[in-house]
Amino acid sequence: PFHLEWEGRAIRREAFLMKGEGKRGVVEVHPYSHENQCMYAIGESKGFSIPFLFDTGCSQTALTKSTIDYLINNGIRVTKTGSGWYNTACGLREFDEYEIQSITLGGITFKNLPIGAVDGDDNLLGMDILSAFGTLEFNLEQKTLVLK
């Protein structure tokens, strides 16, 4: 089988993974609803749960404004770093950009991670986290996503 090693993966691991973190995580996944094929998982930041909708079309993990406010009000460092324009499925849009102190998913903690702010009801787990690993293995029978 063909395997392409993306050189940015090593850079991302060095920049965002906590020292001593394993290179494999197992995430419990759940169906978002009975009407669609979307899946979600629960991550956390300093003990506070964050539900994430998997969005492989999203280049950067994004939190809703209400989630950002909730985390800030509970002592999690979420710092606004600016704004930027992004091509989305709905066209070119401007989003506020932040840096979050940490996000843990599947037992792996990402530190000082750049995130975007989105309108709407769902936090989006983007390819910035998912592509930090070489392989994504969804197992719908066991309801897991293995990141390695």
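Everything below is about the structure printed above this text.
In this text the structure is predicted, and so the values were computed from the model without any measurement. (Residues numbered from 1 in each chain as written. Predicted model: local features only at pLDDT ≥ 70, side-chain atom pairs only at ≥ 80, totals over all residues. Heavy atoms only, no water.)

1. Considering the overall build of the chain
Then, in step 1: On a plain count of helices and strands, the chain comes out with 3 helices and 11 strands.
Then, in step 2: Ordered by position in the sequence, the α and β elements of the chain form the string α-β-β-β-β-β-α-β-β-β-β-α-β-β.
Then, in step 3: Here the chain, with 148 residues, has 40% of them falling under the buried criterion.
Then, in step 4: Taking as baseline every contact in the chain between residues at least 6 positions apart, the subset at least 24 positions apart corresponds to 54%.
Then, in step 5: Just so you have it, the chain exposes about 8600 Å², and 52% of that area is on carbon and sulfur atoms. (Helix = DSSP H or I, 4+ residues; strand = E, 2+ residues; numbered from the N terminus. Buried < 20%, exposed > 50% of the residue type's maximum accessible area, 1.4 Å probe, protein only. Contact = heavy atoms within 4.5 Å. Areas by Shrake-Rupley, 256 points an atom, 1.4 Å probe, with all protein chains shown as cover.)

2. Notes on the nonpolar core
Then, in step 1: If you look at the biggest cluster of nonpolar residues, it comprises 24 residues, and the most contacted ones within it are Leu63, Val78, Ile100 and Ile115.
Then, in step 2: Tallying contributions element by element places strand E8 (residues 108-118) first for this core, with 5 residues.
Then, in step 3: If we ignore the near neighbours within four places in the chain, the residues touching isoleucine 100 are Ser45, Leu63, Leu71, Ile76, Arg77, Val78, Lys111, Asn112, Leu113 and Ile115.
Then, in step 4: Leu53, Ala62, Val118 and Leu124 belong to the second-largest nonpolar core, a separate cluster that totals 6 residues. (Core = buried A, V, L, I, M, F, W, Y, C linked by side-chain atoms within 4.5 Å.)

3. Quick word on the packing of aromatic side chains
Then, in step 1: If you walk through the whole model with that rule in mind, you get 1 aromatic pair.
Then, in step 2: Consider the rings of phenylalanine 48 and tyrosine 70, whose centres lie 5.8 Å apart with planes at 85 degrees: the pair is edge-to-face. One end of the pair, phenylalanine 48, is in strand E4 (residues 48-54); the other, tyrosine 70, is in helix H2 (residues 65-73), and 22 residues separate them in sequence. (Phe/Tyr/Trp six-rings, centres within 6.5 Å; stacked < 30°, edge-to-face > 60°.)

4. Quick look at unusual backbone geometry
Then, in step 1: Of note, lysine 46 is a non-glycine position whose phi angle comes to about 50 degrees, a positive value.
Then, in step 2: Structurally, the position occupied by lysine 46 is in the loop between strand E3 (39-45) and E4.

5. Examining the environment of glycine 116
Then, in step 1: Along the chain, the position of glycine 116 falls in strand E8.
Then, in step 2: When the C-alpha positions of glycine 116 and lysine 65 are compared, they lie 9.4 Å apart, and in sequence the two are 51 residues distant.

6. Describing H2
Then, in step 1: Of the positions making up H2, those classed as buried are Thr67, Ile68 and Leu71. Seen along its axis, H2 keeps its buried residues to an arc of 100 degrees; they face one direction. In H2, the exposed positions angled more than 90 degrees off the buried face are occupied by Ser66 and Asn73.
Then, in step 2: Backbone geometry just after H2 places glycine 75 at a positive phi near 85 degrees. (Arc of directions from axis to C-beta.)

7. Concerning the environment of glycine 106
Then, in step 1: Mapping glycine 106 onto the fold places it in the loop between strand E7 (91-105) and E8.
Then, in step 2: Classification of glycine 106 as partly exposed rests on a relative accessible area of 23%.
Then, in step 3: In this structure, the C-alpha to C-alpha distance between glycine 106 and glutamate 28, residues 78 residues apart in sequence, is 7.7 Å.

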